Amino acid sequence: MTSTLQTAKTTEAVQRPGRWLALAVLVLAVLLVAVDATVLGLATPYISEDLKPSGTQLLWIGDVYSFVIAGLLVSMGSLGDRIGRKRILLVGATAFGAISVFNAYATTPEMMIVARALLGVAGATLMPATLALIRNLFHDPRERSLAVGIWGATASAGTAVGPIVGGFLLEHFWWGSVFLINLPVMAVLVLVGIKLLPESRTANPGPWDLVSVVLSLVGMIGIVYAVKEAATHGFAWTTLAAGLLGAAALYGFVRRQLRLPTPLLDMRLFRNRGFSGAVLADLLTILGLSGLVFFLSQYLQLVQGRRPFEAGLAELPAAIGAVVAGLIAGRAARRLSVRAVVSGGLAAIGLALAALTVLDQSTGYPLLGTVLLVVGVGAGFSFTVTADVILSSVPGEQAGSASAVSETAYELGAALGIAALGSIVTGVYRDFTGPAGTPAAAHESLGGAVEAAAGMPAHSAAAMLDAARTSFVDGLALAAGVGAAVLLAAAVAAWFLLRGQKLEGGGSKHA
């Protein structure tokens, strides 16, 4: 009876003319997550000035959201398959809006870190549910490719809307306002989503295994924390212990999934070479990009002296390139091949990042704008096609789990990227030599140096800021080189792993 009901719901989803309106509601959630990620980078200098976090605390503020969301995505994707993807999306959206208020009014670095962690819990419900609902709304392969392209293009548009809206708010209000913009978006999503979104769930999902949930959370956080601490402070017993605990938990998670009759995550998904290749490509791409993107807004504001709104506009080419590429990516993959589009996109990003190794304080915008445009185009092609590959590789009832794996790779890559590449920037920066009397706080972060300069004699302040900015840019250039190497390696891996992979509904060539 349940299976029949599910079939009826699926048929209704395919035929209902409102599926494109339902997609519009889903992309609101994507827009929200993308905006929230990008405005944090712009707000970082203001958070540094107001809350006075240490360099390590600043990195935690930047990446704890990704830590928590990476640990919970698989669990929340599986929960959505069981209790209903619409239900978990709407509950998560409501929580996301409420916790955004907590973020806006944080008064200490510790409170801000906790608020970002809680936001990660709510955010873990959103992304898997949106992709899974798209999988169940659009059964025609070409329609689904377009829907995924719109989904990806909206995420990219959020990277443009976030800095511009955030820049405007930061110039007219306090930094907490960049989180409060989540509230009206969430209100629209929930009120309209109740009416437009169809419910979908797995017919016979089995129980939600809490032991697997704990193992997944402990494993992901343990591994990512160990990488972050090793990159920042070197190896220590606590770091090694966290890494071993995380590895043991993930090993236990995999073993448990292979034994359970209805696992939280079906590990057999990874036997599909296309699925595994797409997931790996996503992880390496975000790893190579995220640490750099996190510090780029600081470079534009604190090194080149751009106002927040101007810095937001400066990042616009990346979003424009990604939106355009995302909308035509499915057609390009059918006309050429999946691996040609994905590998080509990743290689383009890698070469663009390599160009940033010549970055200095006075680098002109033509170079920056061109790099951002190429990065956007490459990301638009690769992310859209890999998302389509992941969704088309699994049956509809596993859409939530598959989407969660995809998003876990994204968030894990973001956390590792901010931890590893961000730590490179921070490590190089801390070694700058300032004039006598340079406060210790100036070595914690560039924001701290700018604030410390306000209380120093003009000559000493100028010398200290010049040294600090030079060191920051040196770290950024080094991180760009490492990111370029990661992206080029990802391009090579995708070329081999995606060999012969096709999108449904088209005769792509075997490259």
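Residues numbered from 1 in each chain as written. Predicted model: local features only at pLDDT ≥ 70, side-chain atom pairs only at ≥ 80, totals over all residues. Heavy atoms only, no water.

Secondary structure summary: the protein chain contains 19 helices and 0 strands in total. Each of the 511 residues in the protein chain was classed as buried or not, and the buried ones make up 59%. At a minimum sequence separation of 6, the contacts of the protein chain that also span at least 24 residues come to 84%. Per element, the accessible surface of the protein chain, about 19,100 Å² overall, is 69% carbon and sulfur. (Helix = DSSP H or I, 4+ residues; strand = E, 2+ residues; numbered from the N terminus. Buried < 20%, exposed > 50% of the residue type's maximum accessible area, 1.4 Å probe, protein only. Contact = heavy atoms within 4.5 Å. Areas by Shrake-Rupley, 256 points an atom, 1.4 Å probe, with all protein chains shown as cover.)

Moving on to the environment of Val224. Examined against the element boundaries, Val224 turns out to sit in helix α10 (residues 210-233). What makes Val224 buried here is its relative accessible area of 1%. Sequence separation between Val224 and Val68 is 156 residues, and the spatial gap between their C-alpha atoms is 10.0 Å.

Taking 1.5 Å of rise per residue, 23 residues should cover 33 Å, and helix α11 (residues 237-259) covers 33 Å from first to last C-alpha, within 8% of that figure. Within the span of α11, buried status applies to Thr239, Ala242, Gly243, Gly246, Ala249, Phe253 and Gln257. (Expected span 1.5 Å × (residues − 1).)

Now for the packing of aromatic side chains. Aromatic ring pairs are defined here through the distance separating the ring centres and the angle between the ring planes. Applying the stated rule across the entire model yields 4 aromatic pairs. Judged by centre distance (5.4 Å) and plane angle (40 degrees), the rings of Tyr105 and Trp174 are tilted. Of the two residues, Tyr105 is situated in the loop between α4 (85-104) and α5 (109-123) and Trp174 in the loop between α7 (141-172) and α8 (177-180); the sequence distance between them amounts to 69 residues. When its relative accessible area of 49% is taken as the criterion, Tyr105 is described as partly exposed. The partly exposed category is assigned to Trp174, whose relative accessible area is 36%. Over the face of the ring belonging to Trp495 we find Arg339, whose NZ or CZ atom lies 3.8 Å from the ring centre. (Phe/Tyr/Trp six-rings, centres within 6.5 Å; stacked < 30°, edge-to-face > 60°. Lys NZ or Arg CZ within 6 Å of the ring centre and 35° of its normal.)

Judged by nonpolar contacts, the single largest core of 143 residues is most densely connected at Trp175, Tyr299 and Phe472. A total of 16 residues in this core trace back to one element, the largest contributor, which is helix α19 (residues 458-497). When near neighbours in sequence (up to four residues on either side) are disregarded, Phe472 contacts Phe295, Gln298, Tyr299, Val303, Val425, Tyr429 and Leu446. (Core = buried A, V, L, I, M, F, W, Y, C linked by side-chain atoms within 4.5 Å.)

Glancing now at unusual backbone geometry. The backbone of Lys52 shows a phi angle near 55 degrees, a positive value even though the residue is not glycine. Its location among the elements puts Lys52 in the loop between α2 (19-51) and α3 (55-83). By relative accessible area, which is 53% here, Lys52 ends up exposed.

What follows concerns the confidence of the model for the protein chain. Averaged over the protein chain, the pLDDT score is 78; the fraction of residues at 70 or greater is 87%. Looking at the elements of the protein chain, mean pLDDT is at its lowest for helix α1 (residues 2-15), recorded as 44, and at its highest for helix α15 (residues 338-355), recorded as 91. Segment residues 1-14: pLDDT under 50, and 14 contacts once partners within four positions in sequence are set aside and those in other chains are kept. (pLDDT = per-residue confidence, 0-100.)

Of note, Gln257 is situated in helix α11. Within polar-contact distance, the side chain of Gln257 engages the side chain of Ser212 at 2.8 Å. Not counting chain neighbours up to four residues away, the residues in contact with Gln257 comprise Ser212, Pro263, Leu264, Leu265 and Met267. (Polar contact = N/O pair within 3.5 Å; in protein donor to acceptor, adjacent residues only side chain to side chain.)

A few words on a nonpolar patch on the surface. Side chains of Trp20, Leu146, Ile320, Val324, Leu327 and Ile328 sit close together on the surface and give an oily, nonpolar patch of about 510 Å² of accessible area. With 4 residues, the top contributor of residues to the nonpolar patch is helix α14 (residues 316-335). Here Val324 lies in helix α14. (Patch = residues over 30% accessible without salt bridge, like charges linked within 9 Å, V, L, I, M, F, W, Y side chains within 5 Å. Salt bridge = Lys/Arg side-chain N within 4 Å of Asp/Glu carboxyl O.)

Turning our eyes to something else, we now look at the pattern of salt bridges. One pass over the structure, following the stated rule, counts 1 salt bridge. The salt bridge partner of Arg306 is Glu310, with a shortest N-O separation of 3.3 Å. When its relative accessible area of 18% is taken as the criterion, Arg306 is described as buried.

In contact at an axis separation of 9 Å, α4 and helix α6 (residues 126-137) are set at 150 degrees when each is read in the N-to-C sense. Classified by the interaxial angle, the pair formed by α4 and α6 is roughly antiparallel. Remark: the crossing between α4 and α6 carries left-handed chirality. Between α4, through Arg85, Lys86, Ile88, Leu89, Gly92, Ala93 and Phe96, and α6, the contact on the second element is made entirely by Leu126, Ala129, Thr130, Ala132, Leu133 and Asn136. Here the contact of α4 with α6 is composed, by residue class, of 8 nonpolar, 3 polar and 2 charged. (Axes fitted to C-alpha atoms, helices over the stretch in contact; angles between N-to-C directions. Parallel < 35°, antiparallel > 145°, perpendicular 65-115°, else oblique. Left-handed = near helix turned anticlockwise from the far one by under 90°. Nonpolar A, V, L, I, M, F, W, Y, C, P; charged D, E, K, R; others polar.)

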